[in-house]
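Spelled out, the chains give:
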Amino acid sequence: MSRPVRDKQRGSSLAVAAVFVIVGYLLASQLESVETNSLAAAANSLRLETLQELYNQETGKTESLEQQILQLQQDLERYRTAASEGSAQGEALRAEVEQLELLAGLTEVSGPGVSVILSDSTAVNTSGDEADYLIHDSDLLTVVNELRSAGAEAVSLNGERLLATSEIRCTGAVVTVNGRQYAAPYVIFAIGDANTLYNALTMRNGVVDVLGQWKIKVQINASEELTIPQYRGTIEHQYARPADQLGEEEGVG
């Protein structure tokens with residue numbers, strides 16, 4: 001009679017022990033989950049703080065550069081006014097400054113030329129790669145280089161004046177130009193001989209024919225008067241300087 005009782009008691013003890021083990025496991029799992037979530041929340045909070053700090057830094061740099069541009073423009077205007085009020089030598093200096101501004105892209109220009117509008121393809125994807133039907137930085141660079149080779153004296157992309165230091169590069173689904181991001185359609189203005197520029201883009205097996213293979217839309221219009229804005233960024237040279245200045249510094253050393 002006693003053995004069945006002991007067996008029953010032993011079974012109850014094992015059941016209680018099993019319950020404690022399960023409860024302990026669940027508590028440990030819950031604590032681990034809470035700890036993981038806490039760490040994730042802390043990491044996200046730290047990342048947000050870091051991003052906010054970087055954003056504030058970049059905003060401060062932008063404001064500083066804008067102030068620098070404004071100050072330089074004011075200084076240049078003072079120099080121009082002083083030159084115009086002086087002698088014939090001053091007048092020659094003023095004309096030279098204006099020509100240098102024109103060549104450097106620091107002044108708004110107008111003249112005949114062509115406008116080029118490029119839009120992503122809307123054709124059915126048969127290649128399996130959606131990127132084949134989108135406009136890339138290489139496509140825009142090809143168009144710009146063709147225009148420059150054909151004698152374009154000033155070029156802009158979506159209102160951004162293009163200089164020798166201007167970048168055109170893909171950043172995700174958009175293109176960055178002069179540090180600013182733009183999405184399709186892309187509008188290029190080029191000032192020069194309109195017929196020459198038009199023929200350079202539309203020649204047989206040229207850039208328009210190549211892009212047309214992917215049904216990318218390229219609309220070219222000749223114009224008697226286009227306006228291209230001045231360059232709105234800053235031009236900084238950290239390493240390059242006049243060669244004669246470099247020679248003088250080396251001589252001093």
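Bear in mind that the values here come from a model prediction, so they are computed numbers and not experimental data.

Calculation criteria
- Residues numbered from 1 in each chain as written.
- Predicted model: local features only at pLDDT ≥ 70, side-chain atom pairs only at ≥ 80, totals over all residues.
- Heavy atoms only, no water.
- Helix = DSSP H or I, 4+ residues; strand = E, 2+ residues; numbered from the N terminus.
- Buried < 20%, exposed > 50% of the residue type's maximum accessible area, 1.4 Å probe, protein only.
- Contact = heavy atoms within 4.5 Å.
- Areas by Shrake-Rupley, 256 points an atom, 1.4 Å probe, with all protein chains shown as cover.
- Pairing = 2+ DSSP bridges.
- Core = buried A, V, L, I, M, F, W, Y, C linked by side-chain atoms within 4.5 Å.
- Arc of directions from axis to C-beta.
- Salt bridge = Lys/Arg side-chain N within 4 Å of Asp/Glu carboxyl O.

## Looking at the overall build of the protein chain
Here is step 1 of the chain: Secondary structure assignment for the protein chain yields six helices and eight strands.
Here is step 2 of the chain: Ordered by position in the sequence, the α and β elements of the protein chain form the string α-α-β-α-β-β-β-β-β-β-α-α-β-α.
Here is step 3 of the chain: Buried positions account for 22% of the 253 residues belonging to the protein chain.
Here is step 4 of the chain: Put simply, 72% of the contacts in the protein chain that link residues at least 6 apart link residues at least 24 apart.
Here is step 5 of the chain: Carbon and sulfur atoms make up 55% of the accessible area of the protein chain, which totals about 17,400 Å².

## What about the pairing of strand β2 (residues 154-157)?
Here is step 1 of the chain: Where burial is concerned, the two faces of β2 agree: the one with A154 and S156 and the one with V155 and L157 are both buried.
Here is step 2 of the chain: In this structure, β2 lies alongside strand β7 (residues 186-191), joined through four bridges in antiparallel fashion. Each bridged residue has a counterpart across the sheet, and for L157 the counterpart in β7 is I188.
Here is step 3 of the chain: Both β2 and strand β3 (residues 160-161) contribute to a ladder of two bridges, which runs antiparallel. The residue bridging L157 from the neighbouring strand is E160, located in β3.

## Observations regarding the nonpolar core
Nonpolar side chains in soluble globular proteins generally cluster together in the buried interior.
Here is step 1 of the chain: Grouped together as the largest cluster of nonpolar side chains are 26 residues, with contacts concentrated most on L140, L147 and I188.
Here is step 2 of the chain: With four residues, helix α3 (residues 137-149) is the single largest residue contributor to this core.

## Regarding helix α4 (residues 194-202)
Here is step 1 of the chain: Among the residues of α4, A194, L197, A200 and L201 are the ones counted as buried. Down the axis, α4 shows its buried residues gathered within 135 degrees of arc, on one side only.

## Looking at the environment of L162
Here is step 1 of the chain: Position of L162 relative to the elements: it lies in the loop between β3 and β4 (168-171).
Here is step 2 of the chain: For L162, a relative accessible area of 7% puts it in the buried group.
Here is step 3 of the chain: Along the chain, L162 and V144 lie 18 residues apart, while their C-alpha atoms are 9.2 Å from each other.
Here is step 4 of the chain: Apart from the residues lying within four places of it in its own chain, the contact partners of L162 are V144, R148, V155, S156, L157, I168 and V177.

## Re the pattern of salt bridges
Here is step 1 of the chain: If you walk through the whole model with that rule in mind, you get two salt bridges.
Here is step 2 of the chain: Between E160 and R180 there is a salt bridge, and its shortest N-O distance comes to 3.5 Å. One end of the pair, E160, is in strand β3; the other, R180, is in strand β6 (residues 180-182), and 20 residues separate them in sequence.
Here is step 3 of the chain: Classification of R180 by relative accessible area gives partly exposed; the value is 34%.
Here is step 4 of the chain: R232 is paired through a salt bridge with E160; the nearest N and O atoms lie 2.4 Å apart.

## Looking at the pairing of strand β5 (residues 174-177)
Here is step 1 of the chain: With four bridges connecting them, β4 and β5 associate as antiparallel partners. Bridge pairing in β5 links R169 to T176.
Here is step 2 of the chain: Connecting the antiparallel pair β4 and β5 is a turn made up of two residues, with G172 showing a positive phi of about 75 degrees.
Here is step 3 of the chain: Joining the antiparallel neighbours β5 and β6 is a turn of two residues, in which N178 adopts a positive phi near 55 degrees.

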